[in-house]
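# Chain and residue survey
Residues per chain are reported as follows:
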Amino acid sequence: MLDSVQLTASSHADVSVFRPLKVGPEAVLQASVEKHIAKLLPLGEFSWTGSTVPVGAGVPDLLRASVRPEAVSIADADSISIAILGYLRAARRARGETIAERLGLSEKTTLNKLDALQGQGVIEQIQKNFSLAQPWRNILGDVSAVEVKVSDWKKAVAQASRNRIFAHRSFVALPEGVAKRVKDELAFSSLGLGLISIDDNGVSRVVKRARKSSPKAWAYYYTVAARAAGDLRASDNSVSS
């Protein structure tokens, strides 16, 4: 991680940078969105904002999420643990051998990971079935993704559409002139994408709200949670539920 950040409930949002941006007009636009992100995407809970965050095969320009303090438990979670959390979020409950079979893992590895997660209070066991502890079903109360482009709005739409598999809301951010020209394009309404406009003075505003939907790729959702958890752990703020 390049920059340390703090989770904050204030109107200003610090941004955790995972990969450096290429110098150019797109970076300038993204900086404008970052500057106004807390007002563009207000959250009632403690919030986290990440830039160029690796999630699966993609790297969304910006992610913003409300984070429960319990998330700190998975700050160091590995890919196997993340996969288990994602599977249990989708399946609700399952036996250890079923989880191992569905994820292509050995039963020994699976049970070791389940034991560790249970010890952290992340999952629960009732008889032979494992399930997520209640707070962990929505450890991120709201996840919004933003893709920023200078002119190639169709590429931004394609990327924003992909982000819907792990985000509750997905946005495209464009210069004001481009945003005005494309805001009524069918792609936005059919995919439920939001649109952010950035004027020549660097002021950003939401001109089309995104439709909220439930994530589908839960392993990606918990990947985002783990990214945010690392910052939660590093934060000097006192975070309470």
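Remember, it's a predicted structure, so these values are computed and weren't measured experimentally.

Calculation notes
Residues numbered from 1 in each chain as written. Predicted model: local features only at pLDDT ≥ 70, side-chain atom pairs only at ≥ 80, totals over all residues. Heavy atoms only, no water. Axes fitted to C-alpha atoms, helices over the stretch in contact; angles between N-to-C directions. Helix = DSSP H or I, 4+ residues; strand = E, 2+ residues; numbered from the N terminus. Parallel < 35°, antiparallel > 145°, perpendicular 65-115°, else oblique. Contact = heavy atoms within 4.5 Å. Nonpolar A, V, L, I, M, F, W, Y, C, P; charged D, E, K, R; others polar. Buried < 20%, exposed > 50% of the residue type's maximum accessible area, 1.4 Å probe, protein only. Pairing = 2+ DSSP bridges.

With that out of the way, let us pick up the packing of helix 2 (residues 79-91) against helix 4 (residues 107-119). Following both chains from N to C, one finds helix 2 and helix 4 inclined at 80°, their axes separated by 10 Å at the closest point. Compared by their axis directions, helix 2 and helix 4 come out roughly perpendicular. Of the residues in helix 4, those in contact with Ile80, Ser81, Ile84 and Leu85 of helix 2 are Thr109, Thr110, Lys113, Leu114 and Leu117. Of the residues assigned to the contact of helix 2 with helix 4, the class counts are five nonpolar, three polar and one charged.

Taken across its five residues, strand 9 (residues 194-198) has five buried, putting it largely inside the fold. Residue alternation in strand 9 divides its side chains into two sets, Gly194, Ile196 and Ile198 and Leu195 and Ser197, and both sets are buried. Two elements, strand 8 (residues 169-175) and strand 9, share five bridges in a ladder whose sense is parallel. Bridge pairing in strand 9 places alanine 173 opposite isoleucine 196. Pairing geometry for strand 9 and strand 10 (residues 204-208), over four bridges, is antiparallel. Bridging from a neighbouring strand, leucine 195 pairs with lysine 208 of strand 10.

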